[in-house]
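Structural features, examined
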Amino acid sequence: MTMTRPIQYELMQAKTMLNPVKAPSMPFDWSLNPYRGCQHGCSFCYARSTHSFLGERADDAFQNHIYLKENAAEALERQLHSAARSRKGLKGLGSIAIGTATDPYQPIEGNARLTRQCLELLAKYRVPASITTRSPLILRDMDLLLKLPHVSVNLSVNTLNRTVWRKLEPSTPSPIKRLETVGQLVGAGIEAGIFMAPVLPYLTDAAEDLQELIETASQYRPRFMIPSYLRLSTAEVKVWFFGMLEQSFPELVRRYAQLYRYSGYAPSDYREEKMTEIKRLLAKYKLGTKQPVKRSEPEGIPNGPSSANEPVQLSFSFGN
């Protein structure tokens, strides 16, 4: 069920679309986000604070005021053309991650088709990419995914508990639909898997919940399943998340306050114990982890923007 609410859409012009990713821990070189804000409105979304760069609040405006980069394709082609003419050519460009700050297949994509337009260009220029989403809408673009020189698709699924799902991400497609999407992508020969993220203390990390999710996921033959614990990355994200707890799970507010008192991460001793169980279950059901597209030495696209306004916080290891 999708929650109905008024959403404001606003067109914006993008000077560039590819944002350089400097962090060596990230297995890609550039991020690409055709939208700002996300209709899915997940309460734990680390990208909520990106609205502050536009003078917006990091509260419900993030999911109710969506910016569409209407010239996304034109801006992207300018950068790809420039890279193609550079000394190293497109091979020096590296790989691109789509959906690091907002879901590229949020509902408005069904009509706006900005993500599809960008994929058409990546296929034309033969640039590898990874895509992270919570939506089966990605199946619409199967034809383009098969044309890319390399693509990795990551479906985010962190629980099968319907109560938790509806409370924390009420405007997203159901977890089962997402697992089915993984199965269809893998069946078509696409490298697709699951970001088991975020794992939520006391909400999705009970032994029986982990067992149910991992066992069910294994039936859809994902190429990988990568767990990552909740990170409350900024004050804005923490305030919003705790507001959700107060409303939906008030009995957990004190326990979360203790866990996230000193940093955006739960204490390592808490996470490590749970991760041991997750690793055991992944091994039991023969679900491994893998590094998505390896990053290359950044080429540096002329006039490329700083990555400061496009935070990248995806996780690809057990360490987080």
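Now for a quick tour of the structure. (Residues numbered from 1 in each chain as written. Predicted model: local features only at pLDDT ≥ 70, side-chain atom pairs only at ≥ 80, totals over all residues. Heavy atoms only, no water.)

**As for the nonpolar core**
Note the threshold: Nonpolar core, defined: a set of buried Ala, Val, Leu, Ile, Met, Phe, Trp, Tyr and Cys residues in which side-chain atoms within 4.5 Å join the residues together. Relative accessibility thresholds used throughout: buried, under 20% of the residue-type maximum; exposed, over 50%; partly exposed, between the two (1.4 Å probe, protein chains only). Should any heavy atoms of two residues lie within 4.5 Å, those residues are counted as being in contact.
In terms of nonpolar packing, the biggest core is built from 82 residues, with L122, F241 and Y256 touching the most fellow members. Excluding residues that lie within four positions of it along the chain, F241 makes contacts with S43, F44, L168, L200, L230, L232 and Y256.

**Some words on the sheet that holds strand β8 (residues 151-156)**
As a reminder of what qualifies: The pairing criterion for strands is at least two bridges between them, as found by DSSP. Numbered from the N terminus, helices here are DSSP runs of H or I no shorter than four residues, and strands are runs of E no shorter than two. In this analysis an axis means a line fitted to C-alpha atoms, helices contributing only their contacting stretch, and an angle means the value between N-to-C directions, from 0 to 180 degrees.
The seven strands lie next to each other as β2-β3-β6-β7-β8-β9-β10, forming an open sheet whose pairing is mixed. Of all the strands in the sheet, the pair left with one neighbour each is β2 (19-20) and β10 (225-229). One ladder, built from five bridges, connects β8 with strand β9 (residues 191-199); its direction is parallel. Across the sheet, N154 pairs through a bridge with G193, a residue of β9. Together, β9 and β10 form the strand contacts of helix α8 (residues 207-218), whose direction differs from that of β9 by roughly 170°.

**So, the state of the cysteines**
The following threshold applies: Criterion for a disulfide: a pair of cysteine sulfur atoms within 2.5 Å.
Counted under the stated rule, the structure contains zero disulfides. With no disulfide of its own, C45 lies closest to C42 among cysteine sulfurs, the gap being 6.4 Å. Judged by its relative accessible area of 17%, C45 is buried.

**Comments concerning the sheet that holds strand β5 (residues 65-69)**
A sheet is described by the order of its strands in space; here three strands give the open sequence β1-β5-β4, paired in mixed fashion. Each end of this open sheet is capped by a strand with a single partner; those strands are β1 (8-12) and β4 (35-36). One ladder, built from five bridges, connects β1 with β5; its direction is parallel. Within β5, the position partnered with L11 by the bridge is L68.

**A word on helix α4 (residues 114-125)**
To keep things clear, this is the line we draw: By this rule, a helix spans an expected 1.5 Å times one less than how many residues it contains.
In this model, α4 (12 residues) spans 17 Å end to end at C-alpha, consistent with the 16 Å of a helix rising 1.5 Å per residue. Extensive coverage of α4 is indicated by the burial of nine of its 12 residues. Those residues of α4 lying buried are L114, T115, R116, C118, L119, L121, L122, A123 and Y125. Two residues or fewer after α4 comes R126, characterised by a positive phi angle close to 60°.

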